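# An overview of the molecular structure
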Amino acid sequence: MRRKIFIWGSLAVVAIAAILGALYARVIPGLSSARTEPPAAETILATWLLHQSVPFGDKMSANPAPDASDAAAGKELYRQKCETCHAYDGGGKTPIGSNEFPRVPTLRSAAIAATPDGELFYHIRNGIRNTGMPAWDLPDQKIWQLVSYIRNLPQVAQMTPGAADASSAAPPTQPHYVGSAACKSCHENVYARWSKTRMANVVRDPREHPDAFLPDFSKPDPLLTFTKDDVALIYGSRWKQRYFKKVGDDYFVFPAQWDVAHKIWRRYFVPNGADWWAPLYPPDNFQRPSSALCDGCHSVNFDIATKTKTEWNVGCERCHGPGEAHVKKPTRDTILNPARFDYVHASDTCIQCHSQGQPLKNPIQGKYYDWPVGFDVGKNLADYWKLEEHKLGETTFTHFPDGTGHKNRMQGNDFVDSLMYARGVTCFSCHDPHGGDNVAMVRKTGNALCLDCHGPNAQAGPHASTIEAHTHHKAGSPGNECIACHMPKIEQTIADQNVRSHTFHFVTPGDTDALKIPNACNLCHTDKSTEWTKAALESWPDRSPWRMSR
């Protein structure tokens, strides 16, 4: 009996040893590697334990610093303490963050959004054991400011298409357009801001908005051959204002436009050589319909067959797609949101209209169109639109010899050639499409906007101890602004009224001499020559003479 017990016991020991050996061979090797993705069960259990580890009183602590100023104060702390692992946008895609174990959490995720402020404060203060998250010895106010900033991380688009790109984010059905007014009840604050923008008011019916007329029509002028009663639609208000007459089911522009800056009438006619479509239409404004040349970008859901639209102006659905399904079921899955697109599709939301180009197939139903017919933000713009071509060395109505935009509506053409675009910056990284108090709907004024990503002696520049040391202009002066040099007003909209370049490239005086491209220095110092500008730049020790003299 004892012998049997011994034999069975020995067999059991051998079996257990074999099982343990097999487990060792399969599990232990590589177990210490930070590259291994944890099993789902481990993640769920670890997350649950992490939440339970925070005392209830700490978890429920309210943030005493929740406003925008505190979030702004937390930004520099985030840069110093958090950005190395969590990345600029909280995505964790950094050399350290991408290779930590456990993985660095995505601070923009729904899980973090649902985590109470008090719990975030607790983890920043005390760290998280057995992870790369250290404990920070900071005053409470500083930690709360960090929490506030985490709740207001900068908006950036995904670098690659994924589960939230433009195609996969589209609703499963094809809902109808409902108009911007349908968005107001749920998005009241956003709607109120948008409704005051030029995007929402670029086209106005004078019968509904008699105050839209900028000039005094009672004053005679040789160019003024029509009256207010003849005008069916008004386009524009910032640089120029144009007036359209309705003939049948279409609109045609009158041959006079109002120069807003100079308060004078100017002739309006597009001659051959001033736009690609001009030779394809008779030289008569009243044979050049707005349905083909204008209306697609100044309305929502324009139908070229019926010449009908859901609404005039750049309404909500121009950027978010048809909204019927979202009105019926207001969840993120029933509407398109460019903020969740990859960086190409995100910027295409704006490039569809803020660019010079042509449809891939033209003519369409016998007419030549100057807007991407058939495109909406759930599709690929490149399947409907090609940007205006350019040959280096040539000056055209659209481009300077180096490819920089020569006229208005070239923002998209400029931007796709910029380093900013190549790095995944989108149009609405800088502009707030829902509007605001700032000119051009930029998110911040002056250098504050640029300094969100750039800073003195940062890798992204400028490479100087201060902004003033980089610009060689006094603080508060026009020459000390980033946009003065990197976004000069060199692209014509009407007469001497120009809009800013969006290449972010510094045009040198050498470029001006060789290629006739205006440079920022001589745009301000109009009394100086390019030779004076070259000498000034070459005297700055922080400038490369190889770049400034060419």
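Residues numbered from 1 in each chain as written. Predicted model: local features only at pLDDT ≥ 70, side-chain atom pairs only at ≥ 80, totals over all residues. Heavy atoms only, no water.

## As for the overall build of the chain
- Each helix and strand in the chain was counted, giving 22 helices and 12 strands.
- Put simply, the chain has 550 residues, and 40% of those count as buried.
- Within the chain, residue pairs in contact and separated by at least 24 positions form 56% of the contacts whose partners lie at least 6 positions apart.
- Counting every atom, the chain has about 30300 Å² of accessible surface; 58% of that belongs to carbon and sulfur. (Helix = DSSP H or I, 4+ residues; strand = E, 2+ residues; numbered from the N terminus. Buried < 20%, exposed > 50% of the residue type's maximum accessible area, 1.4 Å probe, protein only. Contact = heavy atoms within 4.5 Å. Areas by Shrake-Rupley, 256 points an atom, 1.4 Å probe, with all protein chains shown as cover.)

## Description of a nonpolar patch on the surface
- On the surface, L45, W48 and L49 cluster together into a nonpolar patch covering about 340 Å² of accessible area.
- Residue placement: L45 occurs in helix α2 (residues 40–52). (Patch = residues over 30% accessible without salt bridge, like charges linked within 9 Å, V, L, I, M, F, W, Y side chains within 5 Å. Salt bridge = Lys/Arg side-chain N within 4 Å of Asp/Glu carboxyl O.)

## Section: the environment of D376
- Relative to the helices and strands, D376 resides in the loop between β9 (357–359) and β10 (385–387).
- When the C-alpha atoms of D376 and G321 are compared, they prove to be 6.5 Å apart, with 55 residues separating the residues in sequence.
- Among the polar contacts listed, one links the side chain of D376 to the backbone nitrogen of G378, at a separation of 2.8 Å. (Polar contact = N/O pair within 3.5 Å; in protein donor to acceptor, adjacent residues only side chain to side chain.)

## Section: the nonpolar core
- Judged by nonpolar contacts, the single largest core of 24 residues is most densely connected at W277, I304, Y369 and W371.
- Those elements that provide at least two residues to this core are β2 (233–235), β4 (250–253) and α10 (290–293).
- Apart from residues no more than four positions distant in its own chain, I304 is found in contact with I364, Q365, Y369, W371 and V373. (Core = buried A, V, L, I, M, F, W, Y, C linked by side-chain atoms within 4.5 Å.)

## Topic: the side chain of E311
- Relative to the helices and strands, E311 resides in strand β8 (residues 311–312).
- One polar contact links E311 to S180, side chain to side chain, over a distance of 2.7 Å.

## Concerning the pairing of strand β5 (residues 256–259)
- Neither face of β5 is left uncovered, since the one carrying A256 and W258 and the one carrying Q257 and D259 both have all their residues buried.
- Of the pairings in the sheet, the one linking strand β3 (residues 240–247) to β5 comprises 2 bridges and is antiparallel in character. Residue pairing across strands places Q241 opposite W258, the latter belonging to β5.
- For β5 and strand β6 (residues 264–267), the ladder comprises 4 bridges, and the chain directions are antiparallel. Each residue of the ladder has a partner; that of A256, found in β6, is R267.
- The loop that links β5 with its antiparallel partner β6 comprises 4 residues; one of these, K263, has a positive phi angle of about 55°. (Pairing = 2+ DSSP bridges.)

## A few points about the confidence of the model for the chain
- Mean pLDDT over the chain works out to 88, with 89% of the residues at or above the 70 mark.
- The model gives residues 159–172 a pLDDT under 50, and that stretch makes 30 contacts with residues more than four places away or in other chains. (pLDDT = per-residue confidence, 0-100.)

## A short note on the pattern of salt bridges
- Applying the stated criterion across every chain, the model contains 18 salt bridges.
- Here R193 and D432 are joined by a salt bridge, their closest N and O atoms 2.8 Å apart. On the criterion of sequence distance, the pair formed by R193 in helix α9 (residues 188–194) and D432 in the loop between α16 (427–430) and α17 (467–471) is long-range, its members being 239 residues apart.

## What about the packing of aromatic side chains?
- Taken as a whole and assessed by the stated rule, the structure comprises 24 aromatic pairs.
- Seen in terms of ring centroids, F226 and Y243 are 5.8 Å apart; in terms of plane orientation they differ by 45°. Their pairing is tilted. Taken together, the positions of F226 in the loop between β1 (203–204) and β2 and Y243 in strand β3 put the pair 17 residues apart, joining distant regions of the chain.
- Given a relative accessible area of 0%, Y243 falls into the buried group.
- For the ring pair Y369 and W371, a centre distance of 5.7 Å and an interplane angle of 85° mean the geometry is edge-to-face.
- In this structure an aromatic cluster arises from ring pairing among F213, F217, F226, Y243, F252, F254, W258, W265 and F286. (Phe/Tyr/Trp six-rings, centres within 6.5 Å; stacked < 30°, edge-to-face > 60°.)

## Here we look at the packing of helix α7 (residues 117–126) against helix α8 (residues 140–150)
- Here α7 crosses α8 at 120°, and the two axes come no closer than 10 Å. Viewed along their axes, α7 and α8 adopt a mutual orientation that is oblique. Between α7 and α8 the crossing geometry is right-handed. Of the residues in α8, those touching α7 at D117, G118, L120, F121, I124 and R125 are D140, I143, W144, L146, V147 and I150. (Axes fitted to C-alpha atoms, helices over the stretch in contact; angles between N-to-C directions. Parallel < 35°, antiparallel > 145°, perpendicular 65-115°, else oblique. Left-handed = near helix turned anticlockwise from the far one by under 90°.)

## Digging into the state of the cysteines
- In total, this model carries 1 disulfide according to the counting rule given.
- Just so you know, C183 is unpaired, no disulfide at all, and the nearest cysteine sulfur is the one on C316, 3.8 Å from it.
- Of all cysteine sulfurs in the structure, the one in C485 sits closest to C524, which takes part in no disulfide; the separation is 8.0 Å.
- On the basis of relative accessibility, which here comes to 54%, the residue C524 falls in the exposed class. (Disulfide = S-S within 2.5 Å.)

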